[in-house]
Number of protein chains: 2
Amino acid sequence: MRRRKSDDPIHHALTIFGDAWSLLIVRDLMFHEARTWSDFASAEEGIATNVLADRLSRLQAHGLIRLERTLAGRSYRLTHKGLALLPLMLELMAWSEKYDRHSSVDRALVRRFRKDRERVLYEHRARLLGVRGSPASAGTSRRP
Amino acid sequence: MRRRKSDDPIHHALTIFGDAWSLLIVRDLMFHEARTWSDFASAEEGIATNVLADRLSRLQAHGLIRLERTLAGRSYRLTHKGLALLPLMLELMAWSEKYDRHSSVDRALVRRFRKDRERVLYEHRARLLGVRGSPASAGTSRRP
């Protein structure tokens with residue numbers, strides 16, 4: 001069982017986003033078009049403002065999100081590193097779909113994810129990266 | 001952004017195991033052959049005994065692990081519901097492999113997971129379920 005704490009890959013990942021609030025922020029960026037402080041603050045789970053500030057700056061420090069300052073104000077975006085959590089988030093969703101009958105999960109999405117995983121990942125990546133064009137080109141233009 | 005808290009699939013999953021300690025316990029059951037209280041307590045991360053007791057009973061209450069009482073003492077095992085977190089844990093590992101160069105992650109495993117996902121999932125499920133036989137039969141005898 002002994003292993004060096006800092007070396008363990010799962011421990012490493014969890015140090016960065018291993019709490020519910022961080023993952024809920026990533027979820028909101030990924031699936032709910034959240035961009036601004038008030039988008040995150042208005043999520044139904046009701047995150048406290050000090051916790052929100054802490055998690056946003058931690059996610060930023062670890063390079064999962066970046067802050068853009070525009071005329072309209074501060075806006076957060078997922079970086080490629082943050083975007084790389086997409087398969088994990090979809091697995092979370094699929095797990096809930098299977099084991100929580102009361103969940104409002106998008107069952108059609110989960111079904112497609114199970115059946116045609118790469119296509120669904122491609123479509124969501126394209127959406128999040130703001131890539132134009134048809135998902136039909138997935139085979140040749142897939143982004144890392 | 002508004003949605004009912006209890007209904008969101010990701011929030012649901014995170015209520016159950018959305019803290020680092022719970023996921024580290026699942027990791028130890030999955031990849032480090034941890035079974036007993038002292039196995040978990042001796043993990044390098046140094047979980048406090050009250051936290052360990054709380055997370056074990058929470059994971060048990062949600063049906064992710066079960067407690068077996070044998071002559072040798074109390075032993076924990078993943079249930080099918082807990083085992084279903086395997087893809088998620090491997091995604092966590094793959095994410096760390098990509099973004100943490102200091103990680104002690106098993107790079108050969110991650111490479112195989114990326115290349116032949118179903119086979120790797122099958123092999124780990126078979127190991128965790130104590131299934132005998134060759135992974136070559138993955139195509140016909142895959143467990144749910």
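Criteria and thresholds
- Residues numbered from 1 in each chain as written.
- Chains lettered and ligands numbered in written order.
- Predicted model: local features only at pLDDT ≥ 70, side-chain atom pairs only at ≥ 80, totals over all residues.
- Heavy atoms only, no water.
- Least-squares fit on C-alpha atoms with pLDDT ≥ 70 in both.
- Contact = heavy atoms within 4.5 Å.
- Core = buried A, V, L, I, M, F, W, Y, C linked by side-chain atoms within 4.5 Å.
- Buried < 20%, exposed > 50% of the residue type's maximum accessible area, 1.4 Å probe, protein only.
- Axes fitted to C-alpha atoms, helices over the stretch in contact; angles between N-to-C directions.
- Helix = DSSP H or I, 4+ residues; strand = E, 2+ residues; numbered from the N terminus.
- Left-handed = near helix turned anticlockwise from the far one by under 90°.
- Nonpolar A, V, L, I, M, F, W, Y, C, P; charged D, E, K, R; others polar.
- Phe/Tyr/Trp six-rings, centres within 6.5 Å; stacked < 30°, edge-to-face > 60°.
- Expected span 1.5 Å × (residues − 1).
- 1 Å grid on protein atoms, 1.4 Å probe; cavity = no way out; pocket = protein on both sides within 12 Å on 5 of 7 lines; lining within 4 Å.
- Points joined across faces, edges and corners; volume = space filled by probe spheres on them.
- Buried area = accessible area lost by both parts, 1.4 Å probe.
- Salt bridge = Lys/Arg side-chain N within 4 Å of Asp/Glu carboxyl O.

Caption draft 1: Examining the relation of the copies chain B and chain A more closely. By a simple turn and slide, chain B fits onto chain A: the slide is 0.0 Å along the axis, the RMSD is 0.0 Å, and the turn is 180°. What the superposition gives is, in effect, a two-fold axis relating one chain to the other. No C-alpha of chain B approaches the rotation axis more nearly than that of Asp19(B), which lies at 2.3 Å. Same-surface contact between copies: 98% of interface residues of chain B are shared with the interface of chain A.

Caption draft 2: Looking closely at the nonpolar core. With 82 residues, the main nonpolar core has Phe17(A) and Phe17(B) as its most contacted residues. Contact partners of Phe17(A), with chain neighbours within four places excluded, come to Ser22(A), Leu23(A), Leu59(A), Leu64(A), Leu85(A), Leu92(B) and Trp95(B).

Caption draft 3: Region of the structure containing the packing of helix H6 (residues 86-99) of chain A against helix H7 (residues 107-115) of chain A. All names here are of chain A. Where H6 meets H7, the axes come as close as 10 Å, and the angle between the chain directions of the two elements is 115°. In the crossing of H6 with H7, the sense of the turn from one axis to the other is left-handed. Residues Pro-87, Leu-90, Glu-91, Met-93, Ala-94, Glu-97 and Lys-98 of H6 form the contact with H7, whose participating residues are Arg-107, Leu-109, Val-110, Phe-113 and Arg-114. Classifying every residue of the contact of H6 with H7 gives 7 nonpolar, no polar and 5 charged.

Caption draft 4: Quick peek at the packing of aromatic side chains. For the coordinates displayed, the defined rule picks out 4 aromatic pairs over all chains. Here the aromatic rings of Trp95(A) and Tyr99(A) are separated by 5.5 Å at their centres, their planes lie at 45°, and the arrangement is tilted. Linking Trp95(A) with Tyr99(A), this pair stays in helix H6, spanning 4 residues, or about one helical turn. Its relative accessible area of 25% is what places Tyr99(A) among the partly exposed residues. Measuring from centroid to centroid gives 6.0 Å for Phe40(B) and Tyr76(B), while their planes differ by 65°, and the two rings are edge-to-face. A residue pair is termed long-range when its members are at least 10 positions apart, and Phe40(B) in helix H3 (residues 37-41) and Tyr76(B) in strand S2 (residues 73-78) qualify at 36 residues. Both residues of the pair, Phe40(B) and Tyr76(B), belong to the buried class.

Caption draft 5: Structural context of helix H2 (residues 20-31) of chain B. Residues and elements named next belong to chain B. Under the 1.5 Å per step criterion, the end-to-end length of H2 is 16 Å for 12 residues, consistent within 8% with the ideal 16 Å. Burial within H2 is extensive, with 10 of its 12 residues counted as buried. When H2 is considered as a whole, its buried residues turn out to be Ser-22, Leu-23, Leu-24, Ile-25, Val-26, Arg-27, Asp-28, Leu-29, Met-30 and Phe-31.

Caption draft 6: Highlighting empty space enclosed by the protein. All names here are of chain B. Across all of its chains, the model carries 3 cavities of 30 Å³ or more by this definition. Considered as a void within the structure, the largest cavity measures approximately 70 Å³ in volume. Around the largest cavity, the lining residues are Trp-21, Leu-24, Ile-25, Arg-27, Asp-28, Phe-40, Ala-43, Glu-45, Gly-46 and Ile-47. No other element matches the 5 residues that H2 contributes to the lining of the largest cavity. A per-class count over the lining of the largest cavity returns 6 nonpolar, 1 polar and 3 charged.

Caption draft 7: Structural detail: the interface of chain B and chain A. Between chain B and chain A, the residue contacts involve 52 residues of the former and 52 residues of the latter. Between chain B and chain A, the buried area comes to about 4700 Å², and carbon and sulfur atoms account for 65% of it. A salt bridge links Asp8(A) to Arg27(B), with the shortest nitrogen-to-oxygen separation between them at 2.8 Å. Secondary-structure elements contributing two or more residues to the side of chain B that touches chain A are helix H1 (9-17), H2, H3, helix H5 (80-83) and helix H6 (86-99) of chain B. If one sorts the elements of the side of chain B that touches chain A by residue count, H6(B) sits on top with 10 residues. Among the residues making up the side of chain B that touches chain A, the classes are represented as 25 nonpolar, 10 polar and 17 charged.

Caption draft 8: Highlighting helix H8 (residues 117-129) of chain A. For H8(A), built from 13 residues, the straight-helix expectation of 18 Å at 1.5 Å per residue is met to within 8% by its first-to-last C-alpha distance of 18 Å. Downstream of H8(A) by one or two residues, Gly130(A) has phi in the positive range, about 70°.

Caption draft 9: Main features of unusual backbone geometry. Its identity as a non-glycine residue notwithstanding, Glu33(A) has a phi of 55°, on the positive side. Its place among the elements puts Glu33(A) in the loop between helix H2 (20-31) and helix H3 (37-41).

Caption draft 10: Representation of the pattern of salt bridges. Summed over all chains, the structure comprises 24 salt bridges over all chains. Residues joined in a network through salt bridges with shared partners are Glu91(A), Arg117(A), Glu118(A), Glu91(B), Arg117(B) and Glu118(B).

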